[in-house]
Amino acid sequence: MRVLPRPRRAPPAGRGATGMPGVPATELGIEEAAATPAADVLDRLGSGPGGLTEEEAERRRDREGANAVRRHRARPWTVLARQLRSPVLVLLGLTAIASVWLGEGTDAAVIGVILVASVGLGFTNEYRAERATELLHSRIAHRVVVVRDGQPSARDVTTLTRGDVITLSLGELVPADVRLLSSTGLECDESVLTGESLPVAKQASPVGAGTPVADLCSCALMGTVVSAGSGTGVVVATGPRAQFGRIAAGLGDRHPETQFQAGLRRFSMLLLEVAVVLTGLIFVANVLLARPLIDALLFSLAIAVGITPQLLPAVVSASLATGSRHLATKSVLIKRLVCIEDLGDIDLLVTDKTGTLTEGRVTFSGAIDAGGAPDDDVAALALGTIGHGPQGPLPTNPLDAALVEARPPGTVGAAAPAAVLPFDHDRQMSSALVDTPRGRLLVVKGAPEAVMARCTAAPAGAQTTVQDRFAAGARIVAVASRPAPGRTDLTVEDERDLALDGFVTFLDRPKPAARESLRRLAALGISVKVATGDNPVVAAKVCAELGLPVTGCLTGADVAAMDDEALLDAAVRATVFARVGPDQKARIIALLRRRGRTVGFLGDGVNDALALHAADIGISVDTATDVAKDAADAVLLEKDLDVLADGVVEGRRIFANTMKYVFMGTSSNFGNMFSAAAASAVLPFLPMLPSQILLNNLLYDASQLTIPTDRVDDEQLRAPSHWDIGRIRRFMLVFGPLSSLFDFVTFALMLGVFRAGPELFHSGWFAESLATQTLVIFVIRTRRSPFTRSRPGGALTVAVLAAALTGVLLPYSPLAALLGFTPLPSDFLLALVGLVLVYLVLAEVAKRRLFAQAGPSTPAPAPRRRGREHRIHRHAARFSVGPGNPDRRPLARGGVRR
């Protein structure tokens, strides 16, 4: 992380699109702007209701920088510095330099080359992962509607500058600190800043001077979420000048630990503690044995390097980068690499219905009167409520679009309505003034229960007609009207005293492939719940047809009537949430997360944005509204649950493969280093030279870098996996001594049978330790029988066999003398094959007993407690620039570079 220097003071700005010429855009704090009338704020900022000109916005952004708090750029020197940050490596390098000074130039050169190769391996893999992150970031754009030159257009949020006039709508993340110019029922969730969960009502009138930031009702603050209504405003502060930006920049770019990362840290600390104790004891023992100080120090440090999992970060980074590429080929776009871990953790999915469980192609099936008889006049009234554009009717939702496409008889000449009151989720209806042969009518259409409640009296049989159609799986829109002669405008209060005309019905058939997708998700241990604006009977029927058991159903009215504790208990039991609004979806998601579940939400509409923000991982689709895609953490290029299942599998595959590396590090690797420590205390010479230990570790690490490409058994994907340090410790206590046992057999063989001197001993043990250390991956990579019931990946097989073969061939190579090796007797090679085979058989037996004692399942995870800091980092990701970003100018002052 690097904090950028403050830019030079900006000269006076030009004028806005409707501002006065020569009026400078002065510095204006958000507290002062909140207490100042909106017109005066525009003047102070050199702007106007029509926003800035394009040229003026460009000039200001050149001076002040992008509206961002982060920069994503793969910097090779930064990655290299992280590789060299290991104190053990630094000390080992310094010791090698000292050995040159003491006349041990050859050994120092060999150690230096090995250290460079080791650092190079880690650098190459981690830098490739950084580049993958950079490429990922360049594909993501978060947009906002900005008024420039008097015309609204969608722009990247990072291009905003002071004086820009923007619009805010439901579900959007506020892109900067904004002084409101107008507000229509606008409310914002400001918990990311204040910790308060209740939304705050906003209005355009100024607040009193000295009002605290948390109470600035005339402003919308960067990073908060629009939870209701809409509004317009002028940008007062961007990037780290904004309240949210200051907090995000202060936190830097290091995200709070995930469970996965916390497990890695605990595992690394476990091995570090072992390494410190072991290294200290080895050094003291060698000094007491009167061995040269430099040899004792080099040997002790080489042991520490051998135990420390230096390439673990590189293996994890390579796994995540490989995973993001795999997911891209499977139509899943991940916005941040850490989201892959969240995908793998999902054990509860809440999804919408349309297009996910159904085909998403709503078709008009008929118009009927209250008694169920066909009635084209009802269709004509419904079509007449649809607003018009230059080319004719302009539907705003799938039901209206299906009605327009079908053009039922008698509706061809439908004219534009005189006035329209749009649909909203609170009313669950829309209304319009429609000119008909009966004169001007107020026509209301919407959810049957909402519309019929506003009728003076529903005709006999209407309720039975509705229930019959719902039971058949139809989507129903009720149509009611009353005379409105001479009326030219509408209010919500006008939607009363109606007469029910009838219903228009639609079909959205279940998606044939959804049944298999749901079965696959169930096999992955993922419970599925459905949140929909549709009728509960229709939603339950779709679920039943697809084989999803419905254990309960909650409606929006039920949700509104419950407190949090009652709703949580009911939501856990329910499968369907029907007729729920945006805030109710978000509330349900937030409550379900309290039970320690990892909740994913899949949605594609404006009304899904709040729930997407509330979920552990929000998932949208490429055809979704911009607001929904902006709120999501992952985007499916196909709206298909099978594609989502692919993403979950990839996340779990990465965890499973990372654990293979972890178990490797705690089994034979630890055992070999323990053997070296024990042997050094009893042998008259070092059991292996420091350079040989480092070379052994380098070859071992190189072979393990292919683990991310390995196959994973089906049972490892059936449920989210979690860290179990106790199991890792048991692996260490079983496999470490087992590996050491075969090392001691090798020692006895070399000394007792072959009467080996130092060079032959080094050569024999180098070959045996590398073979056992690498080949055991074939055993511990699976709970099954290796090769027969679980085939390893091709790259892993080649890399491991190559490493083991290299250990055998090096004593015969031209480098043997330089490395301190000598050719091995043919009898020893035969004995080595036998030793390795017996070792692998015993390792298989030990593995089966260990897994049998541990049981088939992993321990339940602790409840997740993701707090405010996690949400700040998640929101800050939307205000970042990188090499692929259209705006490559410097960040605003105080911005953070990566």
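Refer to the preceding data block for the structure.
This is a predicted model, so every value here is computed, not measured.

## Some words on the overall build of the protein chain
Piece 1. Looking only at helices and strands, one finds 33 helices and 27 strands in the protein chain.
Piece 2. Within the protein chain, the proportion of its 898 residues that are buried is 56%.
Piece 3. The long-range fraction of contacts in the protein chain, counting pairs at least 24 apart against all pairs at least 6 apart in sequence, stands at 76%.
Piece 4. Element-wise, carbon and sulfur atoms account for 60% of the exposed surface of the protein chain, whose accessible area totals about 35500 Å².

## Quick word on the packing of aromatic side chains
Piece 1. Under the counting rule described, the total for this entry stands at 12 aromatic pairs.
Piece 2. Pairing F742 with Y839 gives two aromatic rings, centres 5.4 Å apart and planes at 70°, and the pair type is edge-to-face. Of this pair, F742 sits in helix 27 (residues 725-753) while Y839 sits in helix 32 (residues 826-854), and the two are 97 residues apart along the sequence. Considered together, F742 and Y839 belong to a single accessibility category, that of buried residues.
Piece 3. Seen in terms of ring centroids, F747 and W765 are 5.0 Å apart; in terms of plane orientation they differ by 75°. Their pairing is edge-to-face. Taken together, the residues F747 in helix 27 and W765 in helix 28 (residues 758-775) connect sequence positions 18 residues apart.
Piece 4. Site record: aromatic cluster; members linked through ring pairs are F685, F744, F747, F761 and W765.

## Some remarks on the sheet that holds strand 11 (residues 348-351)
Strand pairs in the sheet, formed through backbone hydrogen bonds, run parallel or antiparallel to each other.
Piece 1. Spatial strand order, 10-25-24-23-11-20-22-21: eight strands in an open sheet with mixed pairing. Unpaired on one side and paired on the other, strand 10 (332-334) and strand 21 (553-555) mark the two borders of the sheet. Averaged over all adjacent pairs, the angle separating strand axes in this sheet is 20°, with direction ignored.
Piece 2. Sheet analysis places strand 20 (residues 527-532) next to strand 22 (residues 576-578), joined by three bridges and oriented parallel. Opposite A531, over in strand 22, you have F577 as the bridge partner.
Piece 3. Taken strand by strand, helix 21 (residues 582-592) contacts strand 11, strand 20, strand 22 and strand 23 (599-602), and its axis lies near 160° from that of strand 23.

## Focus on helix 28
Piece 1. Spanning 18 residues, helix 28 covers 26 Å between terminal C-alpha atoms, matching the ideal 26 Å at 1.5 Å per step.
Piece 2. Most of helix 28 is tucked away: 16 of the 18 residues are buried.

## Comments concerning unusual backbone geometry
Piece 1. With a phi close to 55°, D149 is a non-glycine residue in the positive phi region.
Piece 2. Mapped onto the elements, D149 comes out in the loop between strand 3 (143-148) and strand 4 (151-156).
Piece 3. A positive phi is found at S331, a non-glycine position, where the angle reads about 70°.
Piece 4. Structurally, S331 is set in the loop between helix 11 (312-329) and strand 10.
Piece 5. Take S331: its relative accessible area is 13%, and that puts it in the buried class.

## Focus: the packing of helix 28 against helix 30 (residues 794-809)
Piece 1. The geometry of helix 28 relative to helix 30 is characterised by a closest axis approach of 8 Å and an angle of 170° between their N-to-C directions. In this view, helix 28 runs roughly antiparallel relative to helix 30, as classed from their interaxial angle. From helix 28, F766, A767, L770, A771, T774 and L775 reach across to helix 30, where they touch V800, L801, A803, A804, G807 and V808.
Piece 2. The class makeup of the residues in the contact of helix 28 with helix 30 is 10 nonpolar, two polar and no charged.

## Topic: the pairing of strand 6 (residues 177-189)
Piece 1. In this structure, strand 6 lies alongside strand 9 (residues 225-237), joined through 10 bridges in antiparallel fashion. Counterpart to L180 in the pairing with strand 9 is G233.
Piece 2. Sheet topology places strand 6 next to strand 7 (residues 200-201); two bridges connect them, and they run antiparallel. If you follow E187 over to strand 7, its bridge partner there is A201.

## Concerning helix 20 (residues 564-573)
Piece 1. Within helix 20, the full set of buried residues consists of L567, L568, A570 and A571.
Piece 2. Those residues of helix 20 that are buried lie in contact with strand 20, strand 21, helix 19 (556-561), strand 22 and helix 21.

## Here's the deal with the pattern of salt bridges
Piece 1. Enumeration according to the criterion identifies 39 salt bridges in this entry.
Piece 2. D352 is the salt-bridge partner of K639, the closest N and O atoms lying 2.9 Å from each other. Pair noted here: K639 is in the loop between strand 25 (634-636) and helix 24 (641-665) and D352 is in the loop between strand 11 and strand 12 (363-368), with a separation of 287 residues, a long-range link. Grouping residues by exposure puts K639 and D352 together as buried.
Piece 3. A network of salt bridges, in which partner residues are shared, links E54, R148, R155 and D164.

## Observations concerning the sheet that holds strand 16 (residues 429-436)
Piece 1. Read across the sheet, six strands follow the order 12-19-18-17-16-15 without closing on themselves; strand pairing throughout is antiparallel. Taken across any chain shown, the strands that pair with only one partner, and hence form the sheet edges, are strand 12 and strand 15 (419-424). Across the sheet, the mean angle separating the axes of adjacent strands is 25° when strand polarity is ignored.
Piece 2. Where strand 16 lies against strand 17 (residues 439-446), eight bridges are found, and the strand directions are antiparallel. Counterpart to V434 in the pairing with strand 17 is L441.
Piece 3. Across the sheet, helix 14 (residues 398-406) touches strand 12, strand 17, strand 18 (475-483) and strand 19 (499-507), and the angle it forms with strand 12 is around 80°.
Piece 4. Sitting on the sheet, helix 16 (residues 462-471) is in contact with strand 12, strand 18 and strand 19, with an inclination near 5° to strand 19.

## Topic: the side chain of S675
Piece 1. Assignment of secondary structure puts S675 in helix 25 (residues 668-680).
Piece 2. Given a relative accessible area of 0%, S675 falls into the buried group.
Piece 3. A polar contact is formed between the side chain of S675 and the side chain of S740, at a distance of 3.1 Å.
Piece 4. Not counting residues within four places of it along the chain, the set of residues in contact with S675 comprises S740, D743, F744, F747 and W765.

What counts and what doesn't
Residues numbered from 1 in each chain as written. Predicted model: local features only at pLDDT ≥ 70, side-chain atom pairs only at ≥ 80, totals over all residues. Heavy atoms only, no water. Helix = DSSP H or I, 4+ residues; strand = E, 2+ residues; numbered from the N terminus. Buried < 20%, exposed > 50% of the residue type's maximum accessible area, 1.4 Å probe, protein only. Contact = heavy atoms within 4.5 Å. Areas by Shrake-Rupley, 256 points an atom, 1.4 Å probe, with all protein chains shown as cover. Phe/Tyr/Trp six-rings, centres within 6.5 Å; stacked < 30°, edge-to-face > 60°. Pairing = 2+ DSSP bridges. Axes fitted to C-alpha atoms, helices over the stretch in contact; angles between N-to-C directions. Expected span 1.5 Å × (residues − 1). Parallel < 35°, antiparallel > 145°, perpendicular 65-115°, else oblique. Nonpolar A, V, L, I, M, F, W, Y, C, P; charged D, E, K, R; others polar. Salt bridge = Lys/Arg side-chain N within 4 Å of Asp/Glu carboxyl O. Polar contact = N/O pair within 3.5 Å; in protein donor to acceptor, adjacent residues only side chain to side chain.

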